[in-house]
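Each chain is listed here by its residues.
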Amino acid sequence: MNPDSPLVLDLGCGTRKTPGAVGVDRVAAPGVDVVCNFDVGLPFADSSVDEIITSHVVEHVADLSKTMEDIWRICRPGARVRIWTPHFSSGMASWSDPTHRRTFTSRTFEYFLPESNTHYLRARFRIEAQRLHYHLGGVRRRSPSLWHGLEYRFGRWLEGWANRNRINMQRAERFVSRLIPFEELYVELRAEKNP
């Protein structure tokens, strides 16, 4: 890897590592460059990483606060952290995997905001973007049946409405998701560090 190029980590990459990223996972597999236990810590230097991508990983860690602290520690100031995780309203996406330890809402990551009153956390991030996905992974595909086609179009409409603004997102989580669950939450963070 070129020392002048940005360091991008794909945490929990499995066998589908993001092109150009350093693959990090608990298990040695094709595409995994660094094997480590996220609950013990990430073997990277302080303020050394420019971007972190982690898809369906944070719901598996034993201590989310500790993991987020470690992610923050290795991030350079302003580093981007992109997280996909099951949404709390989807019992299938959240709890069908017996290794999942928690669920997430759009407010979960607000505890890491600089203005948050969580004095016991050092990690601070700005929330750059959030999206609720009706279809896992925000998948947009053609379906073979009329029913699936209608569900696909409804899901697109629902996502568009819920993600239009913060108020709609909170309404969707508080009221709509009890009847029509969202499968996934996407959040994009920026590491906040004082010089």
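Calculation criteria
Chains are numbered independently. Their residues run from 1 in the order of the written sequence. Thresholds applied to this predicted model are a pLDDT of at least 70 for local features of residues and 80 or more for the giving and counting of side-chain atom pairs; totals over whole chains, interfaces and linings are not thresholded and use all residues. By convention in this description, side-chain values take in all heavy atoms of the structure and omit both hydrogens and water. By definition here, a salt bridge exists when the distance from a side-chain nitrogen of Lys or Arg to a carboxyl oxygen of Asp or Glu is within 4 Å. Remark: exposure states derive from per-residue accessible area (1.4 Å probe, protein chains only) relative to the maximum for the residue type, with buried under 20%, exposed over 50%, and partly exposed in between. Think of it this way: DSSP has to see at least two bridges between two strands before they count as a pair. The secondary structure listing takes helices from DSSP runs of H or I that are at least 4 residues long and strands from runs of E that are at least 2 residues long, numbered from the N terminus. Whether two residues touch is decided by their heavy atoms; if any such pair falls within 4.5 Å, the residues are in contact. Inter-axis angles, ranging from 0 to 180 degrees, are taken between N-to-C directions of lines fitted to C-alpha atoms, where helices are fitted over the stretch in contact.

(A) View of the pattern of salt bridges. All chains considered together, the criterion is met by twelve salt bridges. Of the charged contacts, one joins Arg107 and Glu110 as a salt bridge, the two residues approaching to 3.2 Å between their closest N and O atoms. Classification of Arg107 by relative accessible area gives partly exposed; the value is 47%.

(B) Structural view of the sheet that holds strand β4 (residues 49-55). Reading across the sheet, the seven strands line up as β3-β2-β1-β4-β5-β7-β6 and stay open at both edges, with mixed pairing between neighbours. Of all the strands in the sheet, the pair left with one neighbour each is β3 (34-35) and β6 (125-133). Packed on one face of the sheet, helix α1 (residues 64-74) meets β1 (8-11), β4, β5 (75-86), β6 and β7 (184-191) and runs near 145° to β5.

(C) How the structure looks around the pairing of β1. Neither face of β1 is open: one carries Val8 and Asp10, the other Leu9 and Leu11, and all of them are buried. For β1 and β4, the ladder comprises four bridges, and the chain directions are parallel. In the strand pairing of β4, Leu9 is matched with Ile52. Where β1 meets strand β2 (residues 22-25), three bridges bridge the pair, whose relative direction is parallel. Following the sheet pairing, Leu11 is matched in β2 by Val24.

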